[in-house]
Amino acid sequence: SQKIEQNSEALNIQEGKTATLTCNYTNYSPAYLQWYRQDPGRGPVFLLLIRENEKEKRKERLKVTFDTTLKQSLFHITASQPADSATYLCALGGDYGGSQGNLIFGKGTKLSVKP
Amino acid sequence: NAGVMQNPRHLVRRRGQEARLRCSPMKGHSHVYWYRQLPEEGLKFMVYLQKENIIDESGMPKERFSAEFPKEGPSILRIQQVVRGDSAAYFCASSPRETSSYFAADTQYFGPGTRLTVL
């Protein structure tokens, strides 16, 4: 069955450091992968999308890589700030073998950035 | 430009009652998705709709749950005869995605969610 794993439930880092979050998947062939941020009591907010033919995407302090051979995506936040503290969700979409409509989400990694 | 709107934000029901959750997509978006998030669990897809059409309901429980997206008005997720296990946050998302674009990336914009508590 399709499976998505995000490296850890929680990640604690010091302000100014780079946070690296991992998303691994199996039994899935996504056309694209997305990262979302979710704050407590709120809906997910879209951050970045990377397609299967792209290796890397950047947006300000965020960087995403996508390795379809390893079936893995890495999400980096450089120069992290306490305001970056949130849960980050990995989502896969566009499965060639399945539904085109929905996203499959990982459980998320809760990032805490300490001042 | 208003985002995705959901109401109510909080809903309390007793076992056996019906729950109706509403979702108004972003302006210009004709695709709506419903997800459920249980405590300590990830978001789980339930149903994908376009106006007057259910495109994919593979994530919907077979009984008691239904969804619609009429030509006019919001999308409705309806849960009949609620049970305690239905307690969760229900999120709606919308996208402008065109189904004719098979590989179109589907960025979804989420609402704030409805938190359903079944007593």
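Data block above holds the structure.
Model, not experiment: these values are computed from the prediction.

**Structural notes on the overall build of chain A**
Next up, step 1: From N to C terminus, chain A includes 0 helices and 11 strands.
Next up, step 2: Along the chain direction, N to C, the helices and strands of chain A fall in the order β-β-β-β-β-β-β-β-β-β-β.
Next up, step 3: For chain A, the C-alpha radius of gyration of 14 Å lies close to 13 Å, the compact-globule estimate for 115 residues.
Next up, step 4: Taken along the three principal axes of its C-alpha coordinates, chain A extends 45 × 30 × 20 Å.
Next up, step 5: Among the 115 residues that make up chain A, the fraction classed as buried is 48%.
Next up, step 6: Of the contacts made within chain A by residues no fewer than 6 positions apart, 57% connect residues no fewer than 24 positions apart.
Next up, step 7: Counting only carbon and sulfur atoms, one obtains 47% of the accessible surface of chain A, whose full area is about 5,600 Å².
Next up, step 8: Charged side chains in chain A number 15 positive and 11 negative. The centres of these two groups are separated by 3 Å.

**Examining the environment of Asp39 of chain A**
Residue and element names in this part refer to chain A.
Next up, step 1: Considering the arrangement of structural elements, one finds Asp39 in the loop between strand S4 (32–38) and strand S5 (45–51).
Next up, step 2: The spacing of Asp39 and Asn24 is 15 residues in sequence and 22 Å in space, taken between C-alpha atoms.
Next up, step 3: Setting aside residues no more than four positions away along its own chain, Asp39 makes contact with Ser85 and Ala86.

**Overview of the pairing of strand S7 (residues 62–67) of chain A**
Looking down a regular strand, the side chains alternate between one sheet face and the other.
Residues and elements named next belong to chain A.
Next up, step 1: Strand direction decides the pairing type here: strand S6 (residues 56–59) and S7, joined by 4 bridges, are antiparallel. Bridge pairing links Lys59 to Leu62 in S7.
Next up, step 2: Here S6 hands over to S7 after 2 residues, with Glu60 in that stretch at a positive phi of 55°.
Next up, step 3: Here S7 pairs with strand S8 (residues 72–77) via 6 bridges, running antiparallel. By the bridge assignment, Val64 is partnered in S8 with Phe75.
Next up, step 4: The turn joining S7 and S8, which pair antiparallel and follow one another in sequence, is formed by 4 residues; a positive phi near 55° is taken by Lys71.

**As for the pattern of salt bridges**
Next up, step 1: Summed over all chains, the structure comprises 8 salt bridges over all chains.
Next up, step 2: Arg37 of chain A is paired through a salt bridge with Asp39 of chain A; the nearest N and O atoms lie 3.1 Å apart.
Next up, step 3: The class for Asp39 of chain A is partly exposed, based on a relative accessible area of 25%.
Next up, step 4: For Arg58 of chain A, the salt bridge goes to Glu56 of chain A, with nearest N and O atoms at 2.9 Å.
Next up, step 5: Look at the salt bridges and you will find they share partners, linking Glu18, Arg20 and Arg78 of chain B into a network.

**Some details on the state of the cysteines**
Next up, step 1: Throughout the structure, instances matching the rule amount to 2 disulfides over all chains.
Next up, step 2: Put simply, Cys23 of chain A and Cys90 of chain A are joined by a disulfide, and their sulfur atoms are 2.0 Å apart. Classification of the bridge connecting Cys23 of chain A and Cys90 of chain A rests on its S-S torsion, roughly -60°, and on that basis the disulfide is left-handed. Of this pair, Cys23 of chain A sits in strand S3 (residues 19–26) while Cys90 of chain A is found in strand S9 (residues 86–93), placing the two residues 67 residues apart along the sequence.
Next up, step 3: The partner cysteine of Cys23 of chain B in its disulfide is Cys92 of chain B, sulfur to sulfur 1.7 Å. Classification of the bridge connecting Cys23 of chain B and Cys92 of chain B rests on its S-S torsion, roughly -50°, and on that basis the disulfide is left-handed.

**Brief notes about the sheet that holds strand S1 (residues 5–7) of chain B**
Residue and element names in this part refer to chain B.
Next up, step 1: Pairing is antiparallel across the open sheet formed by 4 strands, whose spatial order is S1-S3-S8-S7. Each edge of the sheet is formed by a strand with only one pairing partner; in this case those strands are S1 and strand S7 (65–68). Across the sheet, the mean angle separating the axes of adjacent strands is 15° when strand polarity is ignored.

**Points about the environment of Ser58 of chain B**
All names here are of chain B.
Next up, step 1: Relative to the helices and strands, Ser58 resides in the loop between strand S6 (53–56) and S7.
Next up, step 2: On the basis of relative accessible area, Ser58 is assigned to the exposed category, the value being 55%.
Next up, step 3: A C-alpha to C-alpha distance of 6.8 Å links Ser58 and Met46, two positions 12 residues apart in sequence.
Next up, step 4: Residues contacting Ser58, with those up to four places away along its chain left out, are Phe45 and Met46.
Next up, step 5: A distance of 2.7 Å separates a polar atom in the side chain of Ser58 from a polar atom in the side chain of Asp56.

Reading the values: the criteria
Residues numbered from 1 in each chain as written. Chains lettered and ligands numbered in written order. Predicted model: local features only at pLDDT ≥ 70, side-chain atom pairs only at ≥ 80, totals over all residues. Heavy atoms only, no water. Helix = DSSP H or I, 4+ residues; strand = E, 2+ residues; numbered from the N terminus. Rg over C-alpha atoms; globule rule 2.2 N^0.38 Å. Buried < 20%, exposed > 50% of the residue type's maximum accessible area, 1.4 Å probe, protein only. Contact = heavy atoms within 4.5 Å. Areas by Shrake-Rupley, 256 points an atom, 1.4 Å probe, with all protein chains shown as cover. Lys, Arg positive; Asp, Glu negative; His and termini not counted. Charge placed at Lys NZ, Arg CZ, Asp CG, Glu CD. Pairing = 2+ DSSP bridges. Salt bridge = Lys/Arg side-chain N within 4 Å of Asp/Glu carboxyl O. Disulfide = S-S within 2.5 Å. Axes fitted to C-alpha atoms, helices over the stretch in contact; angles between N-to-C directions. Polar contact = N/O pair within 3.5 Å; in protein donor to acceptor, adjacent residues only side chain to side chain.

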